[in-house]
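Notes for the structure review
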Amino acid sequence: MNMPADGKQIDFREHGLTFFGTITASVTHELNNVMGIIEQTAGLLDDLCVGVDYGRPIEIEKLREISGRVVMQVDRGVDIIKRLNFFAHSVDESVREFELNALLKNLVSLAQRFATLKKISLEGRFNDFEHTVKTNPFILEQVVFICIQLAITPTEKDSRVILTSQQESTGSVILITGPPVPENDETKSKMELLRALMGLIKGDIELTAEDDRIYFKLTVPNISNEE
Amino acid sequence: MESYKVLLVDDEEEFTNVLAERMETRGMKVDSVLTGPSAIERVKDTFYDAVILDMAMPEMDGIETMKHLLKINPDVQIIFLTGKATLQKAIEAVKLGAYDFMEKPVKFESLLEKVDEAKTKKMELKGKREEERIKNILGKKGW
């Protein structure tokens, strides 16, 4: 538990579980879609076989096309499972050394459906430079995901959310930029949670607005043992 | 199942493609759209026996789309087919007027049964409406 300035307690464990549930529900929804397509495609093959029983020949090209569709969905499913597996391992140890861009790329993929549903394009732009950080990966994922959630507010203006990372003398920096965030109680409470979570990993968060865009700057010390 | 007319609404294009292909081999007439607003446009000028509707979609979710569709045509039968099923959502959908709620992956034959039942219900509603209209006319004429 943590006590911020307004006296309300933040239950980090509960928030962590909610976050885990949100991601898992979204990923399993996507997997259900994949399974749904595979099931119907297999059914289509079966329909063609029934057609043969009634004297309708099967075209080889059609079979190739159907097989290609199945392979494409299997590849998609494998990719989704890999992403979920990567994410699930972020709770293995409270503090560990990891490659920051790999974690961010995975998170951008996991958050993609949330952005799509709000008609927002979410993009990760990462350089080849390796940013190794030692911190709590699960807390960092929560922080970045909340920033993405705030940034994917539907707007008529520039609806792109871009996530980048860079190395600075103070540590690794994650920049998230997107359309303006509405000023309401939900935003306030999320900002409070962000500050508290960043405090746990001894990191820093700055929020600035410029030219109808908002900028989250998260600084993670290269070695940050959780308090 | 000839003479059945179905609208598929799902942002998973590959899913609507394969489902439409299977339904068409059974003689059904199928239209597919990827968003709620496109479904609303289709229902304005076409009478469908059933609309198979996804729950989570960009632009407009399934529940909101259903409300618009029922406003345009109160007889249209809506079957939710979603990968994001919860009991709470299913109850909400049915309370608001959905014919039924199914979860992906779905058995094709079960889906066809639901479409068949939905068409029967639509015909019953249409029959009742017609009966009431005739009664009203006869009443006005004092017969």
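It is worth spelling out unusual backbone geometry at this point. Residues and elements named next belong to chain B. Geometrically, the link from Lys104 to Pro105 is a cis peptide bond, its omega value of -10° lying close to zero. For Pro105, the location among the structural elements is in the loop between strand 5 (100–103) and helix 5 (108–140). Even without a glycine there, the phi angle at Glu59 is positive, about 75°. You can see Glu59 is positioned in the loop between strand 3 (50–53) and helix 3 (62–72).

Strand direction decides the pairing type here: strand 6 (residues 204–210) of chain A and strand 7 (residues 213–220) of chain A, joined by seven bridges, are antiparallel. The residue of strand 7 of chain A that forms the bridge with A:Ala209 is A:Ile214.

Our focus in this paragraph is the nonpolar core. Residue and element names in this part refer to chain A. Formed by 52 residues in total, the largest nonpolar core has its most connected members in Val144, Ile174, Ile176 and Phe216. Mapped by element, the contributors of at least two residues to this core are helix 1 (12–53), helix 2 (60–88), helix 3 (100–117), helix 4 (137–151), strand 4 (160–168), strand 5 (171–178), helix 5 (185–200) and strand 7. Looking at this core, the element that brings in the most residues is helix 4, giving eleven residues. When we break this core down by domain, the ones giving at least three residues each are domain 1 (12–88) and domain 2 (94–220). If near-sequence neighbours (up to four positions away) are discounted, Val144 is found in contact with Leu104, Leu107, Leu163, Ile174, Ile176 and Leu218.

What follows concerns the domain arrangement of chain A. For interface size, the figure often reported is the accessible area lost on association. Residue and element names in this part refer to chain A. Domain boundaries assigned for chain A yield domain 1 (12–88) and domain 2 (94–220). Of note, the centres of domain 1 and domain 2, computed from C-alpha atoms alone, are 30 Å apart. Between domain 1 and domain 2, the contact holds 13 residues from the first and 17 residues from the second. When the two sides are added together, the surface that domain 1 and domain 2 hide from each other amounts to roughly 1,500 Å², 76% of it contributed by carbon and sulfur. By the criterion of area lost to domain 2, the three top residues of domain 1 are Phe12, Phe19 and Phe86, representing 37% of everything that side buries. Inspection of the region where domain 1 meets domain 2 yields zero salt bridges. Elements that contribute at least two residues to the side of domain 1 that touches domain 2 include exactly helix 1 and helix 2.

With 20 residues of chain A at the contact, the number on the chain B side is 23 residues. For the pairing of chain A and chain B, the buried interface totals around 2,000 Å² over both sides, and the portion due to carbon and sulfur atoms is 49%. Seen at the junction of chain A and chain B, the total is nine salt bridges. With its nearest N and O atoms 3.7 Å apart, the salt bridge here joins B:Asp11 to A:Arg113. Run the count over chain A and chain B and you get 14 residue pairs in polar contact (both at pLDDT 80 or more). Secondary-structure elements contributing two or more residues to the side of chain A that touches chain B are helix 1, helix 2 and helix 3 of chain A. Of the residues assigned to the side of chain A that touches chain B, the class counts are four nonpolar, nine polar and seven charged.

Take the pattern of salt bridges next. Inspection of every chain in the model, using the stated rule, returns 30 salt bridges over all chains. B:Glu21 serves as the salt-bridge partner of A:Arg69, at 3.3 Å between the closest nitrogen and oxygen. Of this pair, A:Arg69 sits in helix 2 while B:Glu21 sits in helix 1 (residues 13–25), which puts the two residues in different chains. Note that B:Lys104 is salt-bridged to B:Asp10, the shortest N-O span being 2.8 Å. Of this pair, B:Lys104 sits in the loop between strand 5 and helix 5 while B:Asp10 is found in the loop between strand 1 (5–9) and helix 1, placing the two residues 94 residues apart along the sequence. One salt-bridge network, held together by shared partners, links A:Lys62, A:Glu65, A:Arg69, B:Glu14 and B:Glu21.

Cut-offs applied
Residues numbered from 1 in each chain as written. Chains lettered and ligands numbered in written order. Predicted model: local features only at pLDDT ≥ 70, side-chain atom pairs only at ≥ 80, totals over all residues. Heavy atoms only, no water. Helix = DSSP H or I, 4+ residues; strand = E, 2+ residues; numbered from the N terminus. Pairing = 2+ DSSP bridges. Core = buried A, V, L, I, M, F, W, Y, C linked by side-chain atoms within 4.5 Å. Buried < 20%, exposed > 50% of the residue type's maximum accessible area, 1.4 Å probe, protein only. Domains from an automatic or database assignment. Contact = heavy atoms within 4.5 Å. Buried area = accessible area lost by both parts, 1.4 Å probe. Salt bridge = Lys/Arg side-chain N within 4 Å of Asp/Glu carboxyl O. Polar contact = N/O pair within 3.5 Å; in protein donor to acceptor, adjacent residues only side chain to side chain. Nonpolar A, V, L, I, M, F, W, Y, C, P; charged D, E, K, R; others polar.

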